[in-house]
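Each chain is listed here by its residues.
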Number of protein chains: 4
Amino acid sequence: MPTKKKPQVTPTPERRRELLATAAEVFAAQGYNATTVRRIADEAGMLAGSLYYHFDSKESMVDEILSTFLDELWQGYDEVLAAGLGPRETVEALVTESFREIDRHRPAVAIYQKESRHLATQPRFAYLADSQTRFEKAWLGTLERGVADGVFRDDLDIRLTYRFVRDTVWVAASWYRPGGQHSPEEIARQYLSMVLDGIAPRT
Amino acid sequence: MPTKKKPQVTPTPERRRELLATAAEVFAAQGYNATTVRRIADEAGMLAGSLYYHFDSKESMVDEILSTFLDELWQGYDEVLAAGLGPRETVEALVTESFREIDRHRPAVAIYQKESRHLATQPRFAYLADSQTRFEKAWLGTLERGVADGVFRDDLDIRLTYRFVRDTVWVAASWYRPGGQHSPEEIARQYLSMVLDGIAPRT
Amino acid sequence: MPTKKKPQVTPTPERRRELLATAAEVFAAQGYNATTVRRIADEAGMLAGSLYYHFDSKESMVDEILSTFLDELWQGYDEVLAAGLGPRETVEALVTESFREIDRHRPAVAIYQKESRHLATQPRFAYLADSQTRFEKAWLGTLERGVADGVFRDDLDIRLTYRFVRDTVWVAASWYRPGGQHSPEEIARQYLSMVLDGIAPRT
Amino acid sequence: MPTKKKPQVTPTPERRRELLATAAEVFAAQGYNATTVRRIADEAGMLAGSLYYHFDSKESMVDEILSTFLDELWQGYDEVLAAGLGPRETVEALVTESFREIDRHRPAVAIYQKESRHLATQPRFAYLADSQTRFEKAWLGTLERGVADGVFRDDLDIRLTYRFVRDTVWVAASWYRPGGQHSPEEIARQYLSMVLDGIAPRT
DNA sequence: AATGAATGAGTGTTCATTCAT
DNA sequence: CATGAATGAACACTCATTCAT
């Protein structure tokens, strides 16, 4: 019977994206565990069971949210890392790119911040740990090059510096609201200024 | 009738503290919602129901963990704020005190970071919002004094600076492990150095 | 957004009524507290959790059972009270109406008898106390009118008489079984005969 | 070691009676199932576990309360039934005795009213059903004798009459408060007057 | 006699998930 | 595509009961 089609993998990519956006918003606001499927469905104007036409499970929703975000993030990062910039310029570009991602994927970033450690224990989310590792390599490498080149201080524990910069940037997702008074680029500029030169005036 | 003496309810604060320490560790590791009372009981070597001899509810456990932590935190902070130090010395003292608290109450700080926004919506945890407000006042005030005195830069958005310093410090609770290679004071020193002078070398 | 229609919550009052009838039967037989939600579900041929698709809580089940009963009861009573009958005819009509209610809502009446005092302490069940008060007013008023008119004895404590008649009628719910050898009207007739004329023969 | 005595069956009959009185009061007020052992212990000024020095179980408490009450009740009843009175005088004596028992054992009577049907299903409480049977026999016999002698009406269903008188009397336990304005004997007198002669005036 | 602490079975409730319609 | 109804496992919490001290 040619009239009965099995639902395609992407029945309507539009609706899918809408629903994921809704889910991401709720996950970010309430936390993954504390968010019920019913709540997401409410927000989407349907019943809880209906979501299962679009997604296999609640888990597959976060999965898709996070992997989509990380894919886009690494597209941007890889471009920067491949550009052959100097260490300081690389840091500037990475930070700027990060704030752009926060601007575009705020809920996903917030979920990533809050839940990734917890989720990464499951095999399905192994890519979270992978990403973390690549991230660390890229940053530590850049910082080390910078110390060697004399554009970053050599009297600091480099892992501490790494964590400092990393957290400094990403935590912003917890308070950032798109459409606020500062553009992502402006926030990046000020953050970079603080990170690079400190909050005490240079004499 | 003199026979109706209410028997004392909290006879051994010892056990209470032990159990709360266990609970805090699990809450910090798995998240409050994802932590089952059974899990805490397991870790404590008893059955789930037995916890209710000591505590009213799972909620009252986090409550006691967080309020105990905040009480101690504010003791330290108030001492610093009352000492009449200059803005820069105040910032140094507050940051150092913060890392000491992270060292002493790491699980509580981690819980606070992850759950306080969510918990603060309940009336019972109103003190979390209060604390947040006091915190912001203390920090913003100090930073403003510093800008006026010329010991902090005047070309930065002060709220951005506040968030920068605040997050930078507290997020450390997510990776800090007591007994590591750096003492809290050493970490504080390096963090302060980065925050105040930046990671680029002063020429 | 027109896509956000809230789906209707009570689409099939049918099932609801069936389930409430089942619940009422069990509550009446075992007592509200002694009845487990699992038991009701068993009787209804489903799992305990499934009941929560239809009802918010066990409490809301008794609530609906009792309030539905009282609503119908007062419809009948109000009709009688508004009919402008003499005191003796009013008493006859109220008693007859009561036995009809016992016939139609036996489980609800039994629950009301056993649990109302206990439930009425909760704000949610305030209407139980209200009903009690209205009930008392209606009866006492009728009895007083009867005494004044000389159709009821004036040598009896009127509150005692009230309790006597009230209990006499409602306790019947504890042994009455619909479909027995006497119709509600026949039982009412005999009860009225006893209450009005006594069990000793009139000489 | 002669110093260690096993607790006697009646360690201090005084205390036992006190505790049972307390328990009965709570059972009557809240219902057997809804009453926690902790609550009884609270009321008695001790901890829940301590009650188990005096009683085997919560069940054995009601057991002792109810059986003590029934023993005393039947002492009174048997005396009346053995006195060789006429049917009308027997009814008067039984009702009066009943109100005296309500006066002396109000909580026990209330418990009996509310819980006996439920408890009687357990073998341990078989005596409740036995008592019920004896009770029914005694009353039905007396009423039948009365009808035969012409001192009770012969136009009433005798089982209906039995239930009428029985319920009428015992339900009083639900509102009776010792020390009120009417003595048990006065209440009995008025009840008997209503039951025998009705609430309509004899012409 | 009574306490402090624990047990273990059970209770109401929640929630992700399924599936016939 | 979506609904209505149900499942079943898990959860926080309660409570009668036990027992060493």
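Since we're looking at a predicted model, the values are computed, not measured.

### Here we look at the protein's contact with DNA strand F
(1) Moving on: Around DNA strand F, the surrounding shell holds 34 residues, and the nearest of these are Thr12(A), Ser50(A), Tyr52(B), His54(C) and Tyr52(D).
(2) Moving on: What you see for DNA strand F is that sugar and phosphate hold 74% of its atoms within 4 Å of the protein.
(3) Moving on: Within the side chain of His54(C), one N or O atom sits 2.6 Å away from a phosphate oxygen of DNA strand F.
(4) Moving on: Lys58(D) has a polar backbone atom sitting 2.8 Å from a phosphate oxygen of DNA strand F.
(5) Moving on: Sorting the residues of the surface near DNA strand F by element identifies helix H3 (51-54) of chain A together with helix H3 (51-54) of chain C as the ones contributing at least two each.
(6) Moving on: Here the residues of the surface near DNA strand F are counted per class, giving 12 nonpolar, 17 polar and 5 charged.

### Some remarks on the UniProt feature "domain: HTH tetR-type" (unreviewed entry) in chain A
(1) Moving on: When the UniProt feature table is mapped to this numbering, "domain: HTH tetR-type" (unreviewed entry) covers residues 13-73 of chain A.
(2) Moving on: This span, residues 13-73 of chain A, is 75% helix and 0% strand, and a straight line between its end C-alpha atoms measures 21 Å.

### Here we look at the relation of the copies chain D and chain C
There are two copies of the chain, and a rotation about an axis plus a shift along that axis relates them.
(1) Moving on: It takes a turn of 180° to lay chain D on chain C, together with a shift of 0.0 Å along the axis; the resulting RMSD is 0.1 Å. One copy is carried onto the other by what is essentially a two-fold rotation axis. Identified as the residue of chain D closest to the rotation axis by C-alpha distance is Gly198(D), at 1.8 Å.
(2) Moving on: Both copies contact each other with a shared surface, as 98% of the interface residues of chain D are interface residues in chain C too.

### Considerations on the protein's contact with DNA strand E
(1) Moving on: Taken together, 34 residues sit near DNA strand E, with Tyr52(A), His54(B), Tyr52(C), Thr12(D) and Ser50(D) positioned nearest.
(2) Moving on: In this structure, a base nitrogen belonging to DNA strand E sits 3.3 Å away from a side-chain N or O atom of Arg38(C).
(3) Moving on: Contact between DNA strand E and Lys58(C): a phosphate oxygen at 2.8 Å from a main-chain N or O atom of the residue.
(4) Moving on: Looking at the surface near DNA strand E, the elements with two or more residues in it are helix H3 (51-54) of chain B, helix H2 (37-44) of chain C together with helix H3 (51-54) of chain D.
(5) Moving on: Residues of the surface near DNA strand E, tallied by class, amount to 12 nonpolar, 17 polar and 5 charged.

### Structural notes on helix H5 (residues 87-104) of chain B
Residue and element names in this part refer to chain B.
(1) Moving on: For H5, with 18 residues, the first-to-last C-alpha span of 25 Å sits near the 26 Å given by 1.5 Å per residue.
(2) Moving on: Looking at H5, one finds that the buried residues are Pro87, Thr90, Val91, Leu94, Val95, Thr96, Glu97, Ser98, Phe99, Glu101 and Ile102.
(3) Moving on: Those residues of H5 that are buried are in contact with helix H4 (58-81), helix H6 (106-119), helix H7 (126-149), helix H8 (158-170) and helix H9 (184-197).

Conventions adopted
- Here the residue index of a chain counts from 1 through its sequence in written order.
- Key to labels: chains lettered from A, ligands numbered from 1, both in the order written.
- Where local features are concerned, this predicted model is filtered to residues with pLDDT of at least 70; where side-chain atom pairs are given and counted, the filter is 80 or more; whole-chain, interface and lining totals use all residues.
- No hydrogens and no water enter the side-chain calculation; it runs on all heavy atoms of the structure.
- The nearness test applies per residue and asks whether one of its heavy atoms lies within 4 Å of the molecule or strand.
- Whenever a nitrogen or oxygen atom comes within 3.5 Å of another N or O atom, the pair is scored as a polar contact, on the condition that within protein one atom can donate a hydrogen and the other can accept it, and that pairs from neighbouring residues in sequence are kept only if both atoms are in side chains.
- Strands here are runs of E lasting at least two residues and helices are runs of H or I lasting at least four, both read from the DSSP assignment and numbered beginning at the N terminus.
- In this count, Pro and Cys sit with the nonpolar residues alongside Ala, Val, Leu, Ile, Met, Phe, Trp and Tyr, while Asp, Glu, Lys and Arg are called charged and the others, Gly among them, polar.
- UniProt positions are given in the numbering used here, feature names are shortened, and annotations may be inferred rather than shown by experiment.
- Residues below a pLDDT of 70 in either copy are left out; the C-alpha atoms of the rest, at least 70 in both, set the least-squares superposition of the copies.
- Here a residue-residue contact requires only that any non-hydrogen atoms of the pair lie within 4.5 Å.
- What a helix is expected to span follows from its residue count: subtract one and scale by 1.5 Å.
- Throughout this description, buried means an accessible area under 20% of the type-specific maximum (1.4 Å probe, protein chains only), exposed means over 50%, and partly exposed covers the range between.

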